[in-house]
Amino acid sequence: MEKFEKLTGVAAPLDMINVDTDMIIPKNFLKTIKRSGLGVNLFDEMRYDDDRNEIPDFVLNKPAYRNAEILVAGDNFGCGSSREHAPWAIKDFGIRCVIAPSFADIFFNNCFKNGILPIPLPQEQVDLLMKDAEKGENARMTIDLENQVITTSDGEEITFEVDSFRKHCLMNGLDDIGLTMEKVGAIDSFESKAAQERPWV
Amino acid sequence: MSPKTLYDKIWDAHVAHEDEDGTTLLYIDRHLVHEVTSPQAFEGLRMTGRSVRAPDKTIAVPDHNVPTTLDRAKGIENEESRIQVEALDRNAKDTGIHYYPVSDVRQGIVHIVGPEQGWTLPGMTVVCGDSHTATHGAFGALAHGIGTSEVEHVLATQTLIQKKSKNMKVEITGKLAPGVTAKDITLSVIGKTGTAGGTGYVIEYCGEAIRDLSMEGRMTVCNMAIEGGARAGLIAPDEKTFEYCKGRPHAPKGAQWEAALNWWKTLKSDDDAHWDKVITIRGEDIAPVVTWGTSPEDVLPITANVPAAEDFKGGKVDAARRSLEYMGLTAGTPLTQVEIDTVFIGSCTNGRIEDLRAAAAILKGKKVKDGIRAMIVPGSGLVRAQAEEEGLAEIFTEAGFEWRLAGCSMCLAMNPDQLSPGERCAATSNRNFEGRQGRGGRTHLMSPAMAAAAAITGRLTDVRELMT
Ligand code: SF4
């Protein structure tokens, strides 16, 4: 997995609540058997019209945000399905960090497995970052994972929380499965104990 | 010992390892797999030379992409869909996991097949690369959706890295009024708590109205826990649960059944257990409901009018405005005047035999209104067979419904069953998101009885008007 340490980039404002996974990546793109190449279809139905022309009003189609690496959004981002295609598409587009007042549980988990940092913050702070993002491409935000600080284009600092295990995995680009495999002894002994206690499972 | 909730008890029984910071390796008893979220996981195993740790606890079935038309034996036309199903065929064969291919009568939506075959049992941990895994919580199992990376993790290690959620109790007291169903309960809860109301929690549903539900109804309730944002929803097992499980192909038998039963009977929240959040709704206050917008929280009694964006607060004002525009609705219109084009009865929320019985009870001797496209897609081949045996299929076809083969179908429209732009659908599925049932399609969520009523009148309808 790609490491996440410090990121400075353009933040795109997507001021909508309940952005669901069907919006992030519609089902027609779930038929792939690969993880890559979904970036062009990120927010597909909002980004393109019926003739596949870009809809100029959509934030990621605006010149200022075409290379955004950060997304600032409304409450309950990523609600809906478990499709990991959502973070795959976000990552493939080039976005490495999403900031919102809250995230849906499965989407939130899926981000960390793909080197994306989701940051939940109180509404007032998201509002402030949304304003900052609206300034366009010259206003670049910095996300410093190690120190858990976001710095706005004006130099204002906002601290954020992140689970220590997940931070460790992100900063070091660690693969969860590899880490769990190191505990195979614990899994083996759990299995033999469970086979005694609940043999019907 | 300190008092525990049902969730605490199941969690504690599955901790394989716990770090100081609470990061836990949770052992997984059942891993369900479908074709859309698994190919990359199997590919990942192949690339790293890892194998499936517990093929015997892993069950796969294709459901999302499969055609539901009667001629499906001729194969899947869409190439990408076919490749995805073929990939599952191959991965299942290569790894030796349990498999129900398209040609098997037991094939169906993964969340219907699991319980039907007795794979889902009380006290288990159940996961699937699918958010509606919450369905299995109806058995008093801890069941939730996972992403594809986690699918790969479970395939390789039979565990998940987890942190514990908080406990939330949703109590539905008293009795339901006539015409009110499990679907109305679960939609009403989401209407009250919002789609993020359960974020960070595992919900236990309890109370007389929940106890009174059949296993099918309980599955409908738990199915939509995810729409309320919760990691999982569950219901303590009782005699109904045990009765449902008994004799299923993969349920324990003989002495093992007795041993299992002894443990299952301990699976309930202690009286003085701690709840981080409690919601109580009176069963009598729940009406037959429909959704008007593009979020499952946009729920109103069928007797209400379309709301105005200004009725809401904060970010919801813009969201409601967008929803109303997308849905093509004008504030103040009575919901019962909203005309529909299509009716879809099916999905893992409402594709079980009881749902079909409820629809048939309304449709018996009636006709689908002229010009309305109506389809019923049973949740599994076995549900279909039973409906035929009970004479329900005949009622449906005589009324003018298409009677389909099992699959996810128009719930998410990955197969050819789709809405066209602007087409309005009365659906028994679980998501009314923009484009969910086809680009530009408009979805109103409701119970099977309400959907059947809408098919007859051609508009959103209060089912109680058709009940005699
Ligand atoms: S029926 Fe719908 S919600 Fe259920 S598993 Fe299939 S696509 Fe998902």
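It should be noted that the structure appears before, not after, this text.
Residues numbered from 1 in each chain as written. Chains lettered and ligands numbered in written order. Predicted model: local features only at pLDDT ≥ 70, side-chain atom pairs only at ≥ 80, totals over all residues. Heavy atoms only, no water.

What follows deals with the site of the ligand. Taken together, His64, Ile109, His111, Asp130, His132, Ser347, Cys348, Cys408, Cys411, Leu412, Asn430 and Arg436 of chain B form the complete shell of residues around the ligand. Of the residues belonging to the shell around the ligand, the class tally is 5 nonpolar, 5 polar and 2 charged. (Near = heavy atom within 4 Å. Nonpolar A, V, L, I, M, F, W, Y, C, P; charged D, E, K, R; others polar.)

This brings us to helix 8 (residues 184–197) of chain A. Between the first and last C-alpha of helix 8 of chain A there are 20 Å, a value that for 14 residues agrees with the 20 Å anticipated at 1.5 Å per step. Among all positions in helix 8 of chain A, only Ile187, Phe190 and Ala194 of chain A are buried. One side of helix 8 of chain A carries all its buried residues, which in axial view fall inside an arc of 60°. Elements in contact with the buried residues of helix 8 of chain A: helix 7 (176–181) of chain A together with strand 1 (15–18), strand 2 (24–27), helix 5 (148–157) and strand 8 (159–162) of chain B. (Helix = DSSP H or I, 4+ residues; strand = E, 2+ residues; numbered from the N terminus. Expected span 1.5 Å × (residues − 1). Buried < 20%, exposed > 50% of the residue type's maximum accessible area, 1.4 Å probe, protein only. Arc of directions from axis to C-beta. Contact = heavy atoms within 4.5 Å.)

Moving on, we get to helix 5 (residues 123–133) of chain A. All names here are of chain A. Residues Val126, Leu129, Met130, Asp132 and Ala133 constitute the buried set of helix 5. All buried residues of helix 5 project into a common sector of 160° when viewed along the axis, lining one side. Exposed residues lying more than 90 degrees from the buried face of helix 5 are Glu124 and Lys131.

Once that is clear, we can look at the sheet that holds strand 7 (residues 142–145) of chain B. All names here are of chain B. The parallel open sheet is built from 5 strands, whose spatial order is 5-4-3-6-7. Every interior strand has two partners, whereas the edge strands, strand 5 (98–99) and strand 7, have only one. Summarising the sheet, strand 4 (residues 58–60) and strand 5 pair through 2 bridges and their orientation is parallel. Looking across to strand 5, one finds that Ile59 is bridged to His98. (Pairing = 2+ DSSP bridges.)

Residue and element names in this part refer to chain B. With parallel pairing, 5 strands are arranged side by side in an open sheet as 17-16-15-18-19. The sheet is open, and its two edges are formed by strand 17 (402–403) and strand 19 (442–445), each paired on a single side. Inspection of the sheet shows strand 16 (residues 373–376) paired to strand 17 by 2 bridges, in the parallel sense. What sits directly across from Met375, in strand 17, is Glu402.

It is worth spelling out the packing of helix 13 (residues 353–363) of chain B against helix 15 (residues 392–399) of chain B at this point. For any two helices packed against each other, one specifies the crossing angle of their axes together with the interaxial distance. Residue and element names in this part refer to chain B. At their nearest, the axes of helix 13 and helix 15 sit 9 Å apart, and the two run at 45° to each other. One finds that helix 13 runs oblique with respect to helix 15. Helix 13 and helix 15 meet at a crossing whose hand is left-handed. On helix 15, the residues touching Ile353, Leu356, Arg357, Ala359, Ala360 and Leu363 of helix 13 are Leu392, Ile395, Phe396 and Ala399. (Axes fitted to C-alpha atoms, helices over the stretch in contact; angles between N-to-C directions. Parallel < 35°, antiparallel > 145°, perpendicular 65-115°, else oblique. Left-handed = near helix turned anticlockwise from the far one by under 90°.)

All names here are of chain B. Secondary-structure assignment places Ile28 in the loop between strand 2 and strand 3 (30–33). You can call Ile28 buried: its relative accessible area is 1%. Along the primary structure Ile28 and Thr291 are separated by 263 residues, whereas in three dimensions their C-alpha atoms are 35 Å apart. Residues contacting Ile28, with those up to four places away along its chain left out, are Lys57, Thr125, Val127, Val154, Gln158, Thr159 and Leu160.

Within this structure, the stated rule accounts for 16 aromatic pairs over all chains. Their ring planes at 75° and their centres at 6.2 Å tell us that Phe77 of chain A and Phe103 of chain A sit as a pair that is edge-to-face. Highlighted residues: Phe77 of chain A in the loop between strand 2 (70–73) and helix 3 (85–93) and Phe103 of chain A in the loop between strand 3 (97–100) and helix 4 (105–112), separated in sequence by 26 residues. One exposure class covers both Phe77 of chain A and Phe103 of chain A, and it is buried. Each ring, one from Phe139 of chain B and one from Tyr244 of chain B, has its centre 5.3 Å from the other, and the planes form 65°; the classification is edge-to-face. Of the two residues, Phe139 of chain B sits in the loop between strand 6 (125–128) and strand 7 while Tyr244 of chain B sits in helix 9 (residues 239–245), which places them 105 residues apart along the sequence. Aromatic ring contacts, followed pair by pair, group Phe77, Phe103, Phe107, Phe108 and Phe112 of chain A into a single cluster. In this arrangement the basic side chain of Arg248 of chain B is found over the ring face of Tyr244 of chain B, its NZ or CZ atom lying 3.8 Å from the centre. (Phe/Tyr/Trp six-rings, centres within 6.5 Å; stacked < 30°, edge-to-face > 60°. Lys NZ or Arg CZ within 6 Å of the ring centre and 35° of its normal.)

Before going further, it helps to examine a negative patch on the surface. On the surface, Asp15, Glu124, Asp127 and Glu134 of chain A cluster together to form a negatively charged patch. Looking at the secondary structure, you find Asp15 of chain A in the loop between strand 1 (6–14) and helix 1 (21–24). (Patch = residues over 30% accessible without salt bridge, like charges linked within 9 Å, V, L, I, M, F, W, Y side chains within 5 Å. Areas by Shrake-Rupley, 256 points an atom, 1.4 Å probe, with all protein chains shown as cover. Salt bridge = Lys/Arg side-chain N within 4 Å of Asp/Glu carboxyl O. Lys, Arg positive; Asp, Glu negative; His and termini not counted. Charge placed at Lys NZ, Arg CZ, Asp CG, Glu CD.)

Quick look at the interface of chain A and chain B now. With 55 residues of chain A in contact, the opposing surface of chain B contributes 72 residues. At the boundary of chain A with chain B, the tally comes to 10 salt bridges. Across the salt bridge formed by Arg439 of chain B and Asp50 of chain A, the nearest N and O atoms sit 3.2 Å from each other. Linking chain A with chain B are 34 residue pairs in polar contact (both at pLDDT 80 or more), by the criterion used here. Elements supplying a minimum of two residues to the side of chain A that touches chain B: helix 1, helix 2 (44–47), helix 3, helix 4, helix 6 (164–172), helix 7 and helix 8 of chain A. Considering each element in turn, the side of chain A that touches chain B owes the most residues, 6 residues, to helix 8 of chain A. Looking at the side of chain A that touches chain B, its residues break down into 21 nonpolar, 13 polar and 21 charged. (Polar contact = N/O pair within 3.5 Å; in protein donor to acceptor, adjacent residues only side chain to side chain.)

What follows covers the pairing of strand 2 of chain A. All names here are of chain A. Of the two faces of strand 2, the one holding Ile70 and Val72 and the one holding Leu71 and Ala73 are both buried throughout. Two strands pair when backbone bridges link them, and strand 2 and strand 3 are joined in this way by 3 bridges, in the parallel orientation. Across the sheet, Ile70 pairs through a bridge with Cys97, a residue of strand 3.

Turning to the pairing of strand 6 of chain B, a few remarks are in order. Residues and elements named next belong to chain B. Every second residue of strand 6 is oriented toward a common face, with Thr125 and Val127 on one face and Val126 and Cys128 on the other, all of them buried. In the sheet, strand 3 pairs with strand 6 via 3 bridges, with the strands oriented parallel. If you follow Leu32 over to strand 6, its bridge partner there is Cys128. Looking at chain direction, strand 6 and strand 7 are connected through 4 bridges and run parallel. Bridge pairing in strand 7 links Thr125 to Leu142.

Moving on to the packing of helix 13 of chain B against helix 14 (residues 381–389) of chain B. Residue and element names in this part refer to chain B. Closest axis-to-axis distance for the helix 13/helix 14 pair is 10 Å, and the angle between their directions is 40°. One element, helix 13, and the other, helix 14, form an angle in the oblique class. Crossing angle aside, the handedness with which helix 13 passes helix 14 is right-handed. For the pair formed by helix 13 and helix 14, the contact residues are Ile353, Leu356 and Arg357 on the first element and Val383, Gln386 and Ala387 on the second.

Judged by nonpolar contacts, the single largest core of 115 residues is most densely connected at Phe43, Phe77, Ile99 and Ile143 of chain A together with Phe401 of chain B. It is helix 16 (residues 448–457) of chain B that contributes the most residues to this core, 8 residues altogether. In this structure Phe77 of chain A touches Leu14, Val19, Ile24, Phe43, Leu71, Ile90, Val98, Ala100, Ser102, Phe103, Ala104 and Phe107 of chain A, once residues within four positions along its chain are discounted. Counting 59 residues, the second-largest nonpolar core is a separate cluster that includes Val126, Ile203, Ile235 and Trp257 of chain B. (Core = buried A, V, L, I, M, F, W, Y, C linked by side-chain atoms within 4.5 Å.)

Residues and elements named next belong to chain B. Summarising the element assignment, Met450 is placed in helix 16. Note: C-alpha distance between Met450 and Val180 (270 residues apart in sequence) is 9.5 Å. Not counting the four nearest positions on each side in its chain, Met450 is found in contact with Pro288, Val289, Val290, Ile302, Thr461, Asp462 and Val463.

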